Amino acid sequence: MTTTAAALFDVDGTLLDTSYFHALAWWEALRQYDRTVPAARVHRAIGMGADQLLDHLLGHDRDRDADEAITGAHAALYAARWPAITALPGAADLLRACAGRGRRIVLASSASERELTVLRRVLDADDVIAAATTADDVAATKPAPDLVRAALDRAGAEPRDTVFVGDTVWDVVAAGRAGIPCVAVESGGFSAQELLGAGAAEVHRDTAELLADLDRSLLAQPHAG
């Protein structure tokens, strides 16, 4: 019996150069509501969704009255930077190369439908993207495994036939909790040592380097079946 092989891709920081835009937007949104958090700490939380990020930065026992307003401020501040978003080197070519090797390509994103439309337009690889997730598909974001599992369902694949590609330790942890190996890139600002320490199977500088090394990557290995 033939099975489906899949490659699930995180979007922000992995395929598109957005990690620091998100960090600055969260930092400014927090300041607007008198929550002072060093920018370096904010950056280390990027990759989590809002539901996890605010707990991580502000603590579980905080006053949550401003959470919705802070999240809305982040969304507005980040949206103002949409015109400056660019794809990372080799990102679209990497998706096409993985598709050419028989992998079903699914974007694993917790962005809103509107934001994902913008991101996909910048990425310009819809010809090989089979499916995508959005914020509406999960109750809990990374490092919870929900988003990875939702993307796996969209792919119609088994964990053993799937590879997840991400750029943060939260991606690596979420993939591991879903039983899927993670190929990591350093373009989100996490080091190779951190990514490997979180459980990444392999680490590359960015999508361009991963594309160049594709024949030696887990992504090139044949799936079962």
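Structure first, text after, so check above.
**Q** Requested: an account of the environment of Ala130, with residues and values cited.
**A** Within the secondary structure, Ala130 sits in strand S3 (residues 129-132). A relative accessible area of 38% places Ala130 in the partly exposed class. In sequence terms Ala130 and Ala155 are 25 residues apart; their C-alpha atoms lie 7.6 Å from each other. Excluding its chain neighbours within four sequence positions, the residues that come into contact with Ala130 are Arg104 and Ile105.

**Q** Go over the packing of helix H1 (residues 19-32) against helix H4 (residues 67-79) with me, naming the residues and quoting the values.
**A** For the pair H1 and H4, the least separation of the axes is 8 Å and the interaxial angle reads 135°. It follows from the interaxial angle that H1 and H4 lie oblique. Judged by the twist between their axes, the crossing of H1 over H4 is right-handed. Mapping the contact onto sequence places Phe21, His22, Ala25, Trp26, Glu28, Ala29, Leu30 and Gln32 in H1 and Ile70, Thr71, Ala73, His74, Leu77 and Tyr78 in H4. The residue inventory of the contact of H1 with H4, partitioned by class, reads nine nonpolar, four polar and one charged.

**Q** Please set out the sheet that holds strand S6 (residues 202-204) residue by residue, giving values where relevant.
**A** The sheet built from six strands is open, its strands ordered S3-S2-S1-S4-S5-S6 with parallel pairing. Here the strands that pair on one side only, and so sit at the sheet edges, are S3 and S6. Pairwise comparison of adjacent strand axes, ignoring direction, gives a mean angle of 25° for this sheet. Note that strand S1 (residues 5-9) and strand S4 (residues 162-166) share four bridges and pair parallel. Paired with Leu8 across the strands is Phe164, a residue of S4.

**Q** Summarise the side chain of Thr133; cite the residues concerned and give the values.
**A** Turning to its location among the elements, Thr133 is positioned in the loop between S3 and helix H7 (146-155). Looking at Thr133, its side chain comes within polar contact range of the main-chain oxygen of Ser109, at 2.9 Å. Those residues within four positions of Thr133 in sequence are excluded, and the remaining contacts are Leu107, Ala108, Ser109, Leu116, Leu147, Ala150, Ala151 and Arg154.

**Q** Give a detailed account of the packing of aromatic side chains, specifying residues and quantitative values.
**A** The full count for this structure, using the stated rule, is zero aromatic pairs. The lysine or arginine in question, Arg31, covers the ring of Trp27, its NZ or CZ lying 4.7 Å from the ring centre.

**Q** I'd like to hear about the pattern of salt bridges, residue by residue, with values.
**A** Opposite charge on two side chains makes pairing possible when the charged atoms of those side chains draw close. Throughout the structure, instances matching the rule amount to 13 salt bridges. A salt bridge links Glu194 to Arg44, with the shortest nitrogen-to-oxygen separation between them at 2.0 Å. Taken together, the positions of Glu194 in helix H9 (residues 192-198) and Arg44 in helix H2 (residues 39-45) put the pair 150 residues apart, joining distant regions of the chain. With its nearest N and O atoms 2.5 Å apart, the salt bridge here joins Asp67 to Arg62. Across this residue pair, the class does not change: Asp67 and Arg62 are buried. Bridged by salt links that share partners, the residues Asp55, Arg62, Arg64 and Asp67 form one connected network.

Conventions used here
- Residues numbered from 1 in each chain as written.
- Predicted model: local features only at pLDDT ≥ 70, side-chain atom pairs only at ≥ 80, totals over all residues.
- Heavy atoms only, no water.
- Helix = DSSP H or I, 4+ residues; strand = E, 2+ residues; numbered from the N terminus.
- Buried < 20%, exposed > 50% of the residue type's maximum accessible area, 1.4 Å probe, protein only.
- Contact = heavy atoms within 4.5 Å.
- Axes fitted to C-alpha atoms, helices over the stretch in contact; angles between N-to-C directions.
- Parallel < 35°, antiparallel > 145°, perpendicular 65-115°, else oblique.
- Left-handed = near helix turned anticlockwise from the far one by under 90°.
- Nonpolar A, V, L, I, M, F, W, Y, C, P; charged D, E, K, R; others polar.
- Pairing = 2+ DSSP bridges.
- Polar contact = N/O pair within 3.5 Å; in protein donor to acceptor, adjacent residues only side chain to side chain.
- Phe/Tyr/Trp six-rings, centres within 6.5 Å; stacked < 30°, edge-to-face > 60°.
- Lys NZ or Arg CZ within 6 Å of the ring centre and 35° of its normal.
- Salt bridge = Lys/Arg side-chain N within 4 Å of Asp/Glu carboxyl O.

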